[in-house]
Amino acid sequence: MSVFIDCNNTPVVIPTLISMSMNKTGCVKSQKTIVNKNKVVEVTIVDTEINPSTINIHEDAILHFLQYVEQQSQLNPDLPNVHMHTHATSEFINTYLNDYLISET
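To keep things clear, this report deals only with the structure shown in the data block. All values derive from a computational prediction rather than experimental measurement. Every chain begins its residue count from 1, and numbering advances along the sequence as written. Reporting of local features is limited, given that this is a predicted model, to residues whose pLDDT is at least 70; pairs of side-chain atoms are given and counted only at 80 or more, and all residues count toward the totals for whole chains, interfaces and linings. Water and hydrogen atoms play no part in the side-chain values, which are based on all heavy atoms of the structure.

## Re the overall build of the chain
Next up, step 1: The helix and strand tally for the chain stands at three helices and two strands.
Next up, step 2: Helix and strand labels come from DSSP, where a helix needs a run of H or I of at least four residues and a strand needs a run of E of at least two; each type is numbered from the N terminus. Mapped from its N terminus to its C terminus, the chain presents α and β elements in the order α-β-β-α-α.
Next up, step 3: Only C-alpha atoms enter the radius of gyration, while the globule expectation follows 2.2 Å times N to the 0.38, with N the number of residues. Here the chain has a C-alpha radius of gyration of 17 Å; the compact-globule value for 105 residues is 13 Å, and the former is much larger.
Next up, step 4: Seen along its three principal axes, the alpha-carbon backbone of the chain occupies a region of about 50 × 30 × 25 Å.
Next up, step 5: Partly exposed residues are those whose accessible area sits between 20% and 50% of the maximum for their type, while under 20% is buried and over 50% is exposed, using a 1.4 Å probe and protein chains only. Looking at the chain residue by residue over its 105 residues, the buried ones come to 24%.

This is the structure we're talking about:
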């Protein structure tokens, strides 16, 4: 299990809870959407089993994103820090996905 912390050693709650859940249950939550013949949309949350190596991959991806958020918030205080990462704009996330991750490969 990973405990995610910021540069001041303060735990980052949501990612840590996600890590705890994955490690305890061996599952991740996903959304399943079904449109029935009457065009009624049914949305359910389902558990998908994953193995320990996949959990490590997920935790590494979370850590990598949080490190990017922390780095960017230190460069520009107007950007969300790791405790407010859920408030990141789609532009911020797209920059991470389309520019930062690609430049690292």
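## Brief notes about the packing of aromatic side chains
Next up, step 1: For Phe, Tyr and Trp, where Trp contributes only its six-membered ring, two rings pair if their centres lie within 6.5 Å, and the inter-plane angle classes them as stacked under 30 degrees, edge-to-face over 60, or tilted in between. One pass over the structure, following the stated rule, counts five aromatic pairs.
Next up, step 2: On the basis of an interplanar angle of 45 degrees and a centroid distance of 4.9 Å, the ring pair of tyrosine 68 and tyrosine 96 is categorised as tilted. With tyrosine 68 in helix H2 (residues 52-75) and tyrosine 96 in helix H3 (residues 90-104), this residue pair connects regions lying 28 residues apart in the sequence. The same class applies to tyrosine 68 as to tyrosine 96, namely buried.

## A closer look at the environment of valine 3
Next up, step 1: Among the secondary structure elements, valine 3 is positioned in the segment before helix H1 (13-25).
Next up, step 2: Exposure remark for valine 3: the relative accessible area of 48% places this residue in the partly exposed category.
Next up, step 3: As a C-alpha pair, valine 3 and phenylalanine 65 span 62 residues in sequence and 14 Å in three-dimensional space.

## Overview of the nonpolar core
Next up, step 1: Residues belong to a common nonpolar core when they are buried Ala, Val, Leu, Ile, Met, Phe, Trp, Tyr or Cys residues joined through side-chain atoms within 4.5 Å. Ranked by size, the top nonpolar core spans ten residues in total: Phe4, Val12, Phe65, Leu66, Tyr68, Val69, Val82, Ala88, Phe92 and Tyr96.
Next up, step 2: Going through the elements one at a time, H2 and H3 are the ones with two or more residues in this core.
Next up, step 3: The criterion used for residue contact is that any of the two residues' heavy atoms lie within 4.5 Å. If we ignore the near neighbours within four places in the chain, the residues touching phenylalanine 4 are Thr10, Pro11, Val12, Pro15, Thr16, Ser19, Glu59, Ile62, Leu63 and Leu66.

## Regarding the environment of phenylalanine 65
Next up, step 1: Note that phenylalanine 65 resides in helix H2.
Next up, step 2: For the pair phenylalanine 65 and asparagine 38, spaced 27 residues apart in sequence, the C-alpha to C-alpha distance is 41 Å.
Next up, step 3: Those residues in contact with phenylalanine 65 that sit more than four places away from it in its chain are His85, Phe92 and Tyr96.

## Some points on the side chain of glutamate 59
Next up, step 1: Examined against the element boundaries, glutamate 59 turns out to sit in helix H2.
Next up, step 2: Counted as positive: Lys and Arg. Counted as negative: Asp and Glu. His and the chain ends are not counted at all. A pairing counts as a salt bridge when a side-chain nitrogen of Lys or Arg comes within 4 Å of a carboxyl oxygen of Asp or Glu. Buried and unpaired, glutamate 59 has no salt bridge, with lysine 24 as the nearest side chain of opposite charge at 14 Å.
Next up, step 3: Those residues in contact with glutamate 59, other than ones at most four positions away along the chain, are Met1, Ser2, Phe4, Ser19, Met22 and Asn23.

## Some thoughts on the pattern of salt bridges
Note on pairing: side chains with opposite charge can pair once their charged atoms come close.
Next up, step 1: By the definition in use, this model includes one salt bridge.
Next up, step 2: Between aspartate 47 and lysine 29 there is a salt bridge, with the nearest N and O atoms lying 2.6 Å from each other. Here the residue aspartate 47 occupies a position in strand S2 (residues 41-49), and lysine 29 occupies one in strand S1 (residues 27-35), the gap between them amounting to 18 residues.
Next up, step 3: Classification of lysine 29 by relative accessible area gives exposed; the value is 57%.

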